[in-house]
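The lines below spell out each chain.
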Amino acid sequence: MKSRAVLLLAVLAMIVAGCGSGTSDDESDLPTEVGEGEGSVVIVAWAGYIERGETDPAYDWVTDFEADTGCMVEVKTAGTSDEMVALMTGSTEYDLVTASGDSSLRLIAGGSVQEVNIELIPSWDTIDERLQNAEWHTVDGKHYGTPYSSGFNVLGYNTEVFGDAPPDSWSVVFEETVLPDGQSNAGRVQAYDGPIYIADAALYLKATQPDLGIEDPYQLNEDQYQAALELLRQQRELVGRYWHDAFIQIDDFTNEGVAASSTWPFQTNVLQFAGEPIDKVVPVEGATGWADTTMLATNAPHPNCAYMWMEHSLNPKLQGDLAAWFGTVPAVPAACEGNELLGPDGCANNGAEDFDEILFWKTPTDDCNGTAEPGSCVPYYRWTTDYLAVIGGR
Amino acid sequence: MTDASSRQPALHRISTYLHKRPRLRLLLLLALPVVWLVGVYGGSLVSLLLQSFFRLNPFSGVLERVISLDTWRTLFTAANNAVIMRTVGMATAVTVASVILAFPLAYYMARYAGPRVKAILVLAVLVPLWSSYLVRVYSWKLILAADGIINWFVERLGLEGALQALLGAPVIGGPSLSISLFGQFLVFVYIWLPYMILPIHASLERVPRSLLEASADLGARPAFTFRKVTWPMAIPGVAAGSIFTFSLTLGDYIIPTIIGDSSPFIGLAIYSYQGVAGNLPLAAAFSFIPIAVMAVYLTVVRRFGAFEAL
């Protein structure tokens with residue numbers, strides 16, 4: 001009897017879930033007010049994204065929230081975007097997820113996250129206008145979350161190698177060349193080991209080979225895609241090691257004589273702080289970046305607390321502290337002013353002034369993100385297979 | 001009188017009951033390990049095998065639960081074959097090097113070392129296993145780095161030429177030791193060596209001294225005795241150790257991310273097909289490569305009596 005009831009519930013849940021994604025244009029689904037808190041909120045987040053002062057007492061943006069709202073924050077850390085997608089798929093235990101642009105559209109398409117009523121988030125208007133309607137969390141004019149944080153993949157370089165001729169193009173990591181210190185760049189450059197890096201190659205080709213007609217480096221047709229892979233195979237000859245872990249790369253800049261590499265401001269900030277001769281630049285071709293969004297789960301068990309957290313996540317103090325902690329750019333520009341941990345130049349150091357030159361991560365889909373017939377663009381799963389082959393020297 | 005005596009016969013009856021039924025006894029005894037091995041272990045392997053017959057829709061990349069051979073066909077591309085060859089090649093090289101390094105030490109421990117020295121040596125072999133694997137791999141990254149300890153010594157000794165020649169070699173070379181296949185090989189050997197020393201030591205301990213004396217009495221020179229008596233009796237230990245070093249290298253996916261030139265190994269390929277790409281069928285199919293390699297390997301070493309020395 002009991003098992004039959006469970007089965008019935010499961011079937012019902014599936015029907016409801018199916019309807020939820022099918023009739024998502026139904027406006028009446030949206031809550032109209034934030035009710036009483038449910039006592040807790042469960043967030044799937046990147047490591048270090050939700051700090052409660054346990055690592056460093058100065059970095060705490062949870063304790064106050066819990067005291068004010070009575071919503072106890074529980075964090076489930078995820079290591080990769082795909083882990084996040086896996087955790088959120090069909091979940092009934094998580095309320096929120098801090099999804100990056102390479103997973104947010106997958107979460108929306110898979111029906112794992114639901115539309116958010118931005119009327120219920122008073123701080124929405126304080127968000128950087130360029131992020132408010134960003135296409136990695138906005139589909140058909142509907143918002144599926146609140147922007148949380150973003151960072152850029154800048155070009156880091158060794159100032160002793162480049163002297164008074166700092167690089168201004170990604171060519172130093174893609175083409176074999178003699179660097180200002182008189183030695184070749186072969187074996188002295190690095191590249192990111194995630195398949196999304198194919199977009200970095202496409203971005204470079206967009207500037208250097210206009211004939212290919214690349215517009216969006218995340219939506220590549222077969223020819224453009226093959227050209228990007230060709231460039232990456234050429235790069236394989238120059239790259240000693242691909243970087244994956246920020247701290248391993250910091251070590252490689254320090255001990256392996258890496259001259260130039262795509263990197264995050266986080267690494268260059270740490271290296272500069274340690275007195276290493278490393279600086280960073282957004283090259284003329286522009287750069288890719290990642291922007292994370294706090295998204296609301298379709299079956300969130302604590303929706304009221306979730307709305308309260310989304311509002312809380314946009315307050316300037318938290319945004320500034322987070323940017324200082326992670327080397328990122330806040331989603332709320334006001335956070336750049338007067339934050340003790342971030343300092344007066346914190347936002348600029350993390351790259352805020354280069355915002356307009358950044359193309360943020362999106363998941364490549366076979367219908368070019370809804371702009372073309374299915375099969376027009378190369379989907380993400382092929383990016384993975386092929387990039388693995390490139391790193392393997394094929 | 002009431003409690004103890006009424007329970008005693010009950011226990012007695014159970015034990016008599018079981019005593020008369022040896023099959024039931026065996027079944028009860030083995031129930032837990034069988035559930036574990038067949039259910040948990042075998043079951044997940046079967047589900048893995050089933051997964052590998054699903055496929056990704058070639059356009060959308062969405063998982064289709066349709067039985068097909070498409071995934072297995074995409075497994076044997078040139079790129080994946082290179083991954084397999086690289087991994088098996090490394091596992092073989094690491095195993096051979098481990099035998100060469102481990103044998104003399106194990107021989108010394110079993111034959112010549114006194115009880116005190118032997119205890120110290122066994123401890124020295126085991127102590128590294130007590131510290132975190134990750135800490136040891138990261139330390140090796142620093143040791144092998146371009147600005148690391150080894151390079152410092154090489155410079156002091158004026159051997160830069162030799163090191164450059166090594167790093168200039170095709171395939172195994174690279175910009176520095178820590179970014180070369182050779183450096184990766186060194187770290188693999190370091191990490192797995194204890195698993196080779198211990199079984200060889202155990203098998204050499206079992207060679208009776210009297211056999212060696214008999215061989216000498218019959219006029220055999222030491223080299224001949226080694227070839228005809230010691231080595232054949234040590235082979236099970238070598239084979240057992242090689243199972244460890246070979247399979248551990250075959251499955252490792254941490255060392256290749258930290259040391260070496262980022263060329264993917266089987267474990268890394270599975271990890272990124274499963275994790276990054278969400279291509280579960282291909283990851284599942286790939287998982288059967290090390291299983292197949294190990295099945296062949298175990299069949300071969302079984303002939304050398306490896307299972308007798310485990």
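Residues numbered from 1 in each chain as written. Chains lettered and ligands numbered in written order. Predicted model: local features only at pLDDT ≥ 70, side-chain atom pairs only at ≥ 80, totals over all residues.

K.L.:
I would appreciate a short explanation of the overall build of chain A in the present structure.
P.N.:
Scanning chain A from N- to C-terminus turns up 15 helices and 14 strands. Taking 21 Å as the expected radius of gyration for a compact globule of 394 residues, we find that chain A reaches 22 Å, a close match to that expectation. Along the first, second and third principal axes, the C-alpha set of chain A runs to 75 × 50 × 40 Å. Taken across its 394 residues, chain A has 51% of its residues classed as buried. Contacts in chain A between residues at least 24 apart in sequence constitute 70% of all its contacts with a sequence separation of at least 6. (Helix = DSSP H or I, 4+ residues; strand = E, 2+ residues; numbered from the N terminus. Rg over C-alpha atoms; globule rule 2.2 N^0.38 Å. Buried ≥ 20, exposed ≤ 12 C-beta atoms within 10 Å, placed from the backbone. Contact = placed C-beta atoms within 7 Å.)

K.L.:
It is not clear to me how the overall build of chain B should be interpreted in this structure. Could you clarify?
P.N.:
Per the secondary structure count, chain B includes 14 helices and two strands. The C-alpha atoms of chain B give a radius of gyration of 26 Å, which is well past the 19 Å a tight globule of 310 residues would have. Principal axes of the C-alpha set define a box for chain B whose edges measure 90 × 75 × 40 Å. Here chain B holds 310 residues, and the buried ones make up 33% of them.

K.L.:
I'm lost on the confidence of the model for chain A in this one. Help?
P.N.:
The predicted coordinates ought not to be read in detail in places where the model reports low pLDDT. Confidence in the prediction of chain A, expressed as mean pLDDT, is 87, and 93% of residues score 70 or more. Low confidence marks residues 1–27 of chain A, where pLDDT is under 50. Its contacts with residues over four positions away, or in another chain, come to six contacts. (pLDDT = per-residue confidence, 0-100.)

K.L.:
Explain the interface of chain B and chain A here, please?
P.N.:
On the side of chain A, 31 residues touch chain B, which itself brings 33 residues to the contact. Element by element, the count of residues in the side of chain B that touches chain A is highest for helix H13 (residues 266–276) of chain B, at five residues. Here the side of chain B that touches chain A is built from residues that sort into 17 nonpolar, 13 polar and three charged. (Nonpolar A, V, L, I, M, F, W, Y, C, P; charged D, E, K, R; others polar.)

K.L.:
For this particular structure, what's the right way to read the nonpolar core?
P.N.:
Judged by nonpolar contacts, the single largest core of 170 residues is most densely connected at Leu96(A), Ile198(A), Ala228(A) and Trp309(A). At 13 residues, the largest contribution of residues to this core is made by helix H9 (residues 181–205) of chain B. In this structure Ile198(A) touches Ala228(A), Leu232(A), Trp383(A) and Tyr387(A), once residues within four positions along its chain are discounted. (Core = buried A, V, L, I, M, F, W, Y, C linked by C-beta atoms within 7 Å.)

K.L.:
When you look at helix H11 (residues 265–273) of chain A in this model, what are you seeing that I'm missing?
P.N.:
The periodicity of an α-helix, 3.6 residues per turn, causes residues three or four places apart in sequence to face the same way. Residues and elements named next belong to chain A. Among all positions of H11, only Pro-265, Gln-267, Thr-268 and Leu-271 are buried. Viewed end-on, H11 has its buried residues packed into an arc of 160°, placing them on one side of the element. Residues of H11 that are buried in the fold lie against strand S7 (145–152), strand S8 (154–158), helix H10 (246–255), strand S10 (260–263), strand S11 (278–281) and helix H14 (346–349). In the stretch just after H11, Gly-275 is the one whose phi turns positive, near 85°. (Arc of directions from axis to C-beta.)

K.L.:
What is the right way to read the environment of Glu36(A) from this model?
P.N.:
Residues and elements named next belong to chain A. Among the structural elements, Glu-36 can be located in the loop between helix H1 (2–22) and strand S1 (40–46). Since 9 C-beta atoms lie within 10 Å of it, Glu-36 is described here as exposed. Between the C-alpha atoms of Glu-36 and Trp-243, which are 207 residues apart in sequence, the distance is 46 Å.

K.L.:
I would appreciate a short explanation of the environment of Val83(B) in the present structure.
P.N.:
Residue and element names in this part refer to chain B. For Val-83, the location among the structural elements is in helix H4 (residues 78–111). Val-83 gets classed as buried once you count the C-beta atoms within 10 Å, which come to 25. Through-space distance from the C-alpha of Val-83 to that of Arg-73 is 16 Å; in sequence the pair is ten residues apart.

K.L.:
Would you explain the packing of H4(B) against helix H11 (residues 222–251) of chain B in this entry?
P.N.:
For any two helices packed against each other, the geometry comes down to the angle between their axes and how far apart the axes lie. Residues and elements named next belong to chain B. Where H4 meets H11, the closest approach of the two axes is 8 Å, and the angle between their N-to-C directions is 140°. By the angle class used here, H4 and H11 are oblique. Relative to H11, the crossing made by H4 is right-handed. When H4 is examined against H11, the residues Thr-87, Met-90, Ala-91, Val-94, Thr-95, Ser-98, Val-99 and Ala-102 are found in contact with a partner set consisting of Val-238, Gly-241, Ser-242, Thr-245, Phe-246, Thr-249 and Leu-250. (Axes fitted to C-alpha atoms, helices over the stretch in contact; angles between N-to-C directions. Parallel < 35°, antiparallel > 145°, perpendicular 65-115°, else oblique. Left-handed = near helix turned anticlockwise from the far one by under 90°.)

K.L.:
How should the pairing of strand S3 (residues 96–99) of chain A be read in this particular structure?
P.N.:
Consecutive side chains along a regular strand alternate between the two faces of the sheet. All names here are of chain A. Neither face of S3 is exposed, since Leu-96 and Thr-98 on one face and Val-97 and Ala-99 on the opposite face are all buried. Bridging between S3 and strand S12 (residues 287–297) involves four bridges; their strand directions are antiparallel. Note on S12: the bridge partner recorded for Val-97 is Met-295. (Pairing = 2+ DSSP bridges.)

K.L.:
Would you explain the sheet that holds S10(A) in this entry?
P.N.:
Think of a sheet as strands paired side by side through backbone hydrogen bonds, with each pair either parallel or antiparallel. Residue and element names in this part refer to chain A. Spatially, the four strands line up as an open sheet ordered S9-S10-S8-S11, and their pairing is mixed. Here the strands that pair on one side only, and so sit at the sheet edges, are strand S9 (189–190) and S11. For S8 and S10, the ladder comprises four bridges, and the chain directions are antiparallel. Paired with Tyr-157 across the bridge in S10 is Ala-260.

K.L.:
Please explain unusual backbone geometry as it appears in this structure.
P.N.:
Working note: non-glycine residues mostly have negative phi, and peptide bonds are mostly trans. Although it is not a glycine, Asp140(A) adopts a positive phi angle of roughly 55°. Assignment of secondary structure puts Asp140(A) in the loop between strand S5 (138–139) and strand S6 (142–143). One non-glycine residue, Val171(B), lies in the positive phi region at around 65°. Among the structural elements, Val171(B) can be located in the loop between helix H8 (160–168) and H9. For Val171(B), a count of 11 C-beta atoms within 10 Å gives the class exposed.

K.L.:
In this structure, what is going on with the environment of Arg233(A)? I would like to understand it.
P.N.:
As for its placement among the helices and strands, Arg233(A) is situated in helix H9 (residues 222–236). For the pair formed by Arg233(A) and Gly393(A), sequence separation is 160 residues and the distance between their alpha carbons is 7.1 Å.

K.L.:
Which parts of the structure should I look at to understand the pairing of S8(A)?
P.N.:
All names here are of chain A. Burial within S8 is extensive, with five of its five residues counted as buried. Alternating positions in S8 separate into two faces, Val-154, Gly-156 and Asn-158 on one and Leu-155 and Tyr-157 on the other, with burial throughout. Summarising the sheet, S8 and S11 pair through four bridges and their orientation is antiparallel. When the sheet's bridge partners are listed, Asn-158 is paired in S11 with Ile-278.

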